[in-house]
Amino acid sequence: MRSERAYCLYGTCFTSYWRLPYAQAPKGAPREIRLVPDSPRFFSDAAIEAGWLPSSAQWFHQAHLGDGSIYLRWNRHFEFVVSPDGDRIAGRLLSTTSTEAFHAYLLGQVLSYALLKRGEDPLHGTAVVVDGAAIAFLGDCGHGKSTLAAAFLGDGNRLLTDDLLVVKRDANGVTAYPGPPRIKLSPSIAEALLEERSRGIQMNQFTPKLVVPLQAREVHSTAAPLKVIYLLTPQAKSAASGRVTIRSNSPRRGFFELLKNTFNAQVTEPERLERQFRLASQIVSTVPIKSLSYRRRLSTLAAVRESIRADLVNIG
């Protein structure tokens, strides 16, 4: 086996058998999770126990194994086994899928299972850093989180994380942690907002979205205080006129929106739900949670960005 390298993402340090296109962790950083391959027999046994059928056309399959591990498979692309305590993720490619797609799933959907086992509860959000503070965009797939972040990148700000957002409550408030230095965008958005990097790698056969690597000057590689969360709502009638609407939410609504925008809704064990409720309560007591509505057009992004900047001044 080749030597493993150490990396730190989402506030967690890990070693990886696979060389990742990210900066390595400093010497002495704790090694909390191992990303490793395993034998064909290991995965075959896991797939059988998980009830996977070779004839299945199902895109995604998840199953809990007898020892507490979780088996995850994306048909014809890759499969993974997350250990009971989340400190080991075994994986392998099942086809000629790109390494970029493998990394995107490994350090997104798959890693979320390990983080949950280790007591972290990631949100489905993208964050950029403006004037030293993180601002986060939460919302369902297709609501424009990454597109809005790319608009801020085009204006000279830096990306903190895309799609998976880890936040932790500490003595100073709520802190957001950096993810991989890449962003996932549709080809047209990548071309319009990040012209020189429009040649990303397609994530999978079911989506045209690209994994677009970013340069060091475009990413914020250290944790940042979380200043505000914007909930990206579906395009409302009020947005049809082109107006940008930012509205404050009550703590109660903010609490339920945080629950709704968890990154991983597949895990529903009572202890996880209790931890999720506790984190949501801590966030709404510290961080403003606002609804953001605007017309989903490239031509409106500059106005949306400036409306957010004006709102940040009011937050203080």
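Here's what I pulled together on the structure shown here. Keep in mind that this is a model prediction, so the values were computed, not measured. (Residues numbered from 1 in each chain as written. Predicted model: local features only at pLDDT ≥ 70, side-chain atom pairs only at ≥ 80, totals over all residues. Heavy atoms only, no water.)

The helix and strand inventory of the protein stands at seven helices and 19 strands. Over its C-alpha trace the protein gives a radius of gyration of 20 Å, about what one expects of a compact globule, namely 20 Å for 316 residues. Along the three orthogonal principal directions, the C-alpha set of the protein runs to about 55 × 45 × 40 Å. Across the 316 residues of the protein, 53% fall into the buried class. For the protein, the exposed surface amounts to about 14400 Å²; the carbon and sulfur share of it is 52%. Looking at charge distribution, the protein has the averaged site of its 39 positive side-chain charges lying 4 Å from that of its 28 negative ones. (Helix = DSSP H or I, 4+ residues; strand = E, 2+ residues; numbered from the N terminus. Rg over C-alpha atoms; globule rule 2.2 N^0.38 Å. Buried < 20%, exposed > 50% of the residue type's maximum accessible area, 1.4 Å probe, protein only. Areas by Shrake-Rupley, 256 points an atom, 1.4 Å probe, with all protein chains shown as cover. Lys, Arg positive; Asp, Glu negative; His and termini not counted. Charge placed at Lys NZ, Arg CZ, Asp CG, Glu CD.)

What follows covers the packing of aromatic side chains. Going through the model one piece at a time under the given rule, you end up with 16 aromatic pairs. Both rings, one in W18 and one in F102, keep their centres 5.2 Å apart while their planes meet at 70°; by these two values the pair is edge-to-face. Taken together, the residues span a long stretch of sequence, with W18 in the loop between β2 (12-16) and β3 (33-36) and F102 in helix α2 (residues 99-117) at a distance of 84 residues. Of the residues examined, W18 reaches a relative accessible area of 15% and is grouped as buried. Ring geometry for W74 versus F78: centroids 6.0 Å apart, planes at 65°, classification edge-to-face. What makes W74 buried here is its relative accessible area of 4%. Here the basic side chain of R88 rests over the ring of F42, its NZ or CZ set 5.9 Å away from the ring centre. (Phe/Tyr/Trp six-rings, centres within 6.5 Å; stacked < 30°, edge-to-face > 60°. Lys NZ or Arg CZ within 6 Å of the ring centre and 35° of its normal.)

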